[in-house]
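This is what each chain is made of:
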Amino acid sequence: MDSAPGPTASKLYPPLARLLRPLVRLCISAGMTFPALSQLLRELYVNVAEHDFALPGKDQTDSRVSLLTGIHRKEVSRLRGAGAPVNAVPATVSRTGAVIARWLASPHFCDETGRPLPLPRTAEGPSPSFEELVSSVTRDVRPRAVLDEWLDRRIVTIDADDHIVLAEAAFIPHHGDDDKLYYFGRNLHDHLAAAAANVTGPSPAFLERAVHYDGLSAELAERLEARSRELALEMLQRINREAHAASETDHGGEHRWNCGIYVFRERVSGPDDEAGQR
C-alpha cells in the first residue's frame, strides 16, 4: 500500500454518501436488503485489510485485522478467506468481447473507414468470413454456435444478402444479462480504483476527468449527450484498433489495461421539488 496520507474518515463521508446513493438505489430495486449488503461489506472489510494492509515480512493477524476494521476478532477469524474479489472473466464474456474487439479492430474485418464489415458465414480464399473471425479468436466453440447465440441476444443481424452484421458499433449487453453485471462490476471497479489512487497518492496516477455544465435546458442536455456519445465511440474504436495492432506483436505479461468513458445527464431537483435534493 502507498504510505502517502489520504483523506480522513470525516472528509470521506460526503463524497461517499453521494457515490453510494445510486448503488443503494440499485440494491433496493434488485431486492438486496441492508443486512445482506452489510454482510458483504463486512466480508470485504476483512478481506481488504487481510490482503492489502499486511505489514511487510509479517503474517497478518486476526488482532491487526480487527484493529484496522473495527470488527470483533472472533468475527474476523470466522470471515478470513471469505469475500475474496472474483477476478475471473466468464467464458462467454471473454469470448464475445474478444471476437467483437477483433471485428472492430482488424483491417481484415473492417472497411477502409474502420467500420466492421458485414460478413458471409463462410468464404473461399482470402475473403473475410464470420467463420474465420470466430476461429481466429477461439477454436473451443463452433462459429455456428456463436452465431446462434448472438442472433438470440441481438448482437448481430442477418441482412438481405445473408451477411452477418454487427448490430451495435460497441457491444452493449441487454438488460438482465450476466454480461451486463460483469461489466458493471469491472468498469466501476476500475473507475473507482483510478479515482481512489488519485486521492490517496502524492500525485494523480491515472487520468480521471470529466466535462460538466449545470443549469442547462433539457434540449441542450440531450444534444450534448448525443454528441459526447458520438465522440466517445470514435475514440474507443480508435484506441481499440491501436491496442489490437500493438497486441499482435506484444510478448505478453501479467498486466491489464482498461480505458472507459461514461456519459450521464439528469434533471437536478430544485429546493421546492417534492423529490428533494439528490
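Residues numbered from 1 in each chain as written. Predicted model: local features only at pLDDT ≥ 70, side-chain atom pairs only at ≥ 80, totals over all residues. Heavy atoms only, no water.

Describe the overall build of the protein chain, naming the residues involved and giving the relevant values.
Across its full length, the protein chain holds nine helices and two strands. Taken from the N to the C terminus, the helices and strands of the protein chain come in the order α-α-α-α-α-α-α-β-β-α-α. When each of the 278 residues of the protein chain is scored for burial, the buried share is 21%. When contacts within the protein chain are restricted to residue pairs at least 6 apart in sequence, long-range pairs at least 24 apart make up 50% of them. For the protein chain, the exposed area adds up to about 20200 Å²; of that, 56% sits on carbon and sulfur atoms. (Helix = DSSP H or I, 4+ residues; strand = E, 2+ residues; numbered from the N terminus. Buried < 20%, exposed > 50% of the residue type's maximum accessible area, 1.4 Å probe, protein only. Contact = heavy atoms within 4.5 Å. Areas by Shrake-Rupley, 256 points an atom, 1.4 Å probe, with all protein chains shown as cover.)

Could you give an account of the packing of helix H6 (residues 130–137) against helix H7 (residues 143–152), with specific residues and numbers?
Relative to each other, H6 and H7 sit at 105°, their axes nearing to 9 Å. For the element pair H6 / H7, the angle class is roughly perpendicular. Judged by residue contacts, Phe130, Glu131, Val134 and Ser135 of H6 engage Pro143, Val146, Leu147 and Trp150 from H7. Its residues assigned to classes, the contact of H6 with H7 shows six nonpolar, one polar and one charged. (Axes fitted to C-alpha atoms, helices over the stretch in contact; angles between N-to-C directions. Parallel < 35°, antiparallel > 145°, perpendicular 65-115°, else oblique. Nonpolar A, V, L, I, M, F, W, Y, C, P; charged D, E, K, R; others polar.)

Explain helix H2 (residues 34–52) to me, and be specific about the residues and the numbers.
Structurally, the α-helix is built with 3.6 residues per turn, so residues lying three or four positions apart point the same way. Across its 19 residues, H2 extends 26 Å between first and last C-alpha, which sits within 8% of the 27 Å expected from 1.5 Å per residue. In this structure, the buried residues of H2 make contact with helix H3 (62–69) and helix H4 (73–79). (Expected span 1.5 Å × (residues − 1).)

Describe the pattern of salt bridges, and please don't skip the residues or the numbers.
Applying the stated rule across the entire model yields 13 salt bridges. Linking Arg80 and Glu50 is a salt bridge whose minimum nitrogen-to-oxygen distance equals 3.1 Å. Of this pair, Arg80 sits in the loop between H4 and helix H5 (91–105) while Glu50 sits in helix H2, and the two are 30 residues apart along the sequence. Measuring nitrogen to oxygen at the nearest pair gives 2.8 Å for the salt bridge that ties Arg78 to Glu75. Of the two residues, Arg78 and Glu75 are both situated in helix H4; the distance of three residues between them amounts to about one turn of the helix. Looking at Glu75, the relative accessible area reads 21%, which means it is partly exposed. By sharing partners, the salt bridges in this structure join Glu50, Asp62 and Arg80 into a single network. (Salt bridge = Lys/Arg side-chain N within 4 Å of Asp/Glu carboxyl O.)

Please give an account of the nonpolar core that cites residues and values.
If you look at the biggest cluster of nonpolar residues, it comprises 16 residues, and the most contacted ones within it are Trp103, Phe130, Leu133, Trp150, Val156 and Leu166. Breaking this core down by element, the ones donating at least two residues are H5, H6, H7 and strand S2 (164–166). Element by element, the count of residues in this core is highest for H5, at four residues. Judged by nonpolar contacts, the second largest core, of six residues, contains Val46, Ala49, Ile71 and Leu79. (Core = buried A, V, L, I, M, F, W, Y, C linked by side-chain atoms within 4.5 Å.)

With reference to specific residues and values, describe helix H9 (residues 218–247).
Over its 30 residues, H9 runs 42 Å from end to end, which matches the ideal 44 Å to within 8%, given 1.5 Å per residue. Taken together, the buried positions of H9 are occupied by Ala221, Glu225, Ala232, Gln237, Asn240 and His244.

Now, about the packing of H2 against H3: what can you tell me, with residues and values included?
For the pair H2 and H3, the least separation of the axes is 9 Å and the interaxial angle reads 120°. Classified by the angle their axes make, H2 and H3 are oblique. In terms of crossing hand, the pair formed by H2 and H3 is right-handed. Contacts from Tyr45, Val46, Ala49 and Glu50 of H2 reach H3 at Val65, Leu68 and Thr69. Class assignment for the residues of the contact of H2 with H3 results in five nonpolar, one polar and one charged. (Left-handed = near helix turned anticlockwise from the far one by under 90°.)

Outline the side chain of Arg153, supporting the account with residue identities and numerical values.
The residue Arg153 is located in the loop between H7 and strand S1 (156–158) in this model. Among the polar contacts listed, one links the side chain of Arg153 to the side chain of Glu149, at a separation of 2.5 Å. (Polar contact = N/O pair within 3.5 Å; in protein donor to acceptor, adjacent residues only side chain to side chain.)

Go over the confidence of the model for the protein chain, please, and point to the residues and values.
Overall, the predicted model of the protein chain reaches an average pLDDT of 86, with 87% of residues at or above 70. Note that pLDDT drops below 50 for residues 271–278; the model gives that stretch 10 contacts with residues more than four away or on any other chain. (pLDDT = per-residue confidence, 0-100.)

Describe the packing of aromatic side chains, and please don't skip the residues or the numbers.
Tallying each qualifying case throughout the model produces three aromatic pairs. Relative to Phe130, the ring of Trp103 lies with its centre 6.1 Å away and its plane at 65°, an arrangement referred to as edge-to-face. Placement of Trp103 in helix H5 and of Phe130 in helix H6 is noted, with a sequence separation of 27 residues between them. Here Trp103 and Phe130 have matching classes, each one buried. Between Tyr182 and Tyr183, the aromatic rings sit 5.1 Å apart at their centres with planes inclined by 70°, giving edge-to-face as the arrangement. (Phe/Tyr/Trp six-rings, centres within 6.5 Å; stacked < 30°, edge-to-face > 60°.)

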